[in-house]
Amino acid sequence: MCASAEGSSRSETFSAPPMSDSPPPPQRLTVVLLGQTGNGKSATGNALLGRNAFVAKRSFSSVTERCDAHVSDGSIHHDNGDFELCVIDTPGTCDSGALLEDNLVHISKYLRGEEGGETGGDEKKQHHVHAFILVLSAASRFTQEEAIALERLVGRIGEKALR
């Protein structure tokens, strides 16, 4: 109750704006798959999404030639809220069919939104990356070639991207 200037009392009611019946849109969690050609980046992306979104097959040459992004079909429920998963598949960082530097330039431009968009189309949008997943082959060791490729990629996208 608030007193008016004349001394009488009156009740004021404040109400919140009406709530929508629909839940808020899920937050997006974006992960980037990195690794050598043939290590299974596309297959890993398919496993994360639960469907065959990326072309994955055994081959001596690179199957993925450009960055490609796909988003989960539905929301993933978590204690901290719902989110959708965006997986970005990249060309091999140690490809024999393309120069290492060419692939690293493409990956860094894609992540900065200078090439392709949220789903790999013409729309250009910088990706807010939450995690980089290094896909390694169980059949071989982490090589010096892979370490150099990762070092160069970090140099291109900046260390802030890894925090």
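Residues numbered from 1 in each chain as written. Predicted model: local features only at pLDDT ≥ 70, side-chain atom pairs only at ≥ 80, totals over all residues. Heavy atoms only, no water.

Here the focus is the packing of helix α2 (residues 100–112) against helix α3 (residues 144–157). It is the contact of α2 with α3, at a shortest axis distance of 10 Å, that shows an interaxial angle of 40 degrees. Overall, the two elements α2 and α3 adopt an arrangement that is oblique. With respect to the hand of their crossing, α2 and α3 are arranged in right-handed fashion. Contacts between α2 and α3 pair Leu100, Glu101, Leu104, Val105, Ile107, Ser108, Leu111 and Arg112 from the former with Ala149, Arg152, Leu153, Arg156 and Ile157 from the latter. (Axes fitted to C-alpha atoms, helices over the stretch in contact; angles between N-to-C directions. Helix = DSSP H or I, 4+ residues; strand = E, 2+ residues; numbered from the N terminus. Parallel < 35°, antiparallel > 145°, perpendicular 65-115°, else oblique. Left-handed = near helix turned anticlockwise from the far one by under 90°. Contact = heavy atoms within 4.5 Å.)

Before going further, it helps to spend a moment on the pattern of salt bridges. Counting across every chain of the model gives 6 salt bridges. Arg28 is the salt-bridge partner of Glu84, the closest N and O atoms lying 2.7 Å from each other. Of this pair, Glu84 sits in strand β6 (residues 81–89) while Arg28 is found in strand β3 (residues 27–34), placing the two residues 56 residues apart along the sequence. Residue classification places Arg28 among the partly exposed residues on the basis of a relative accessible area of 30%. Put simply, Glu101 and Arg156 hold a salt bridge, and the shortest N to O gap is 2.6 Å. With Glu101 in helix α2 and Arg156 in helix α3, this pair connects stretches of sequence that are 55 residues apart. Residues joined in a network through salt bridges with shared partners are Glu101, Arg152 and Arg156. (Salt bridge = Lys/Arg side-chain N within 4 Å of Asp/Glu carboxyl O. Buried < 20%, exposed > 50% of the residue type's maximum accessible area, 1.4 Å probe, protein only.)

Further remarks concern the nonpolar core. One finds Val32, Ile88, Tyr110 and Leu111 to be the most contacted residues of the largest nonpolar core, which totals 13 residues. Where this core is concerned, the elements lending two or more residues are β3, β4 (68–71), β6 and α2. A total of 4 residues in this core trace back to one element, the largest contributor, which is α2. (Core = buried A, V, L, I, M, F, W, Y, C linked by side-chain atoms within 4.5 Å.)

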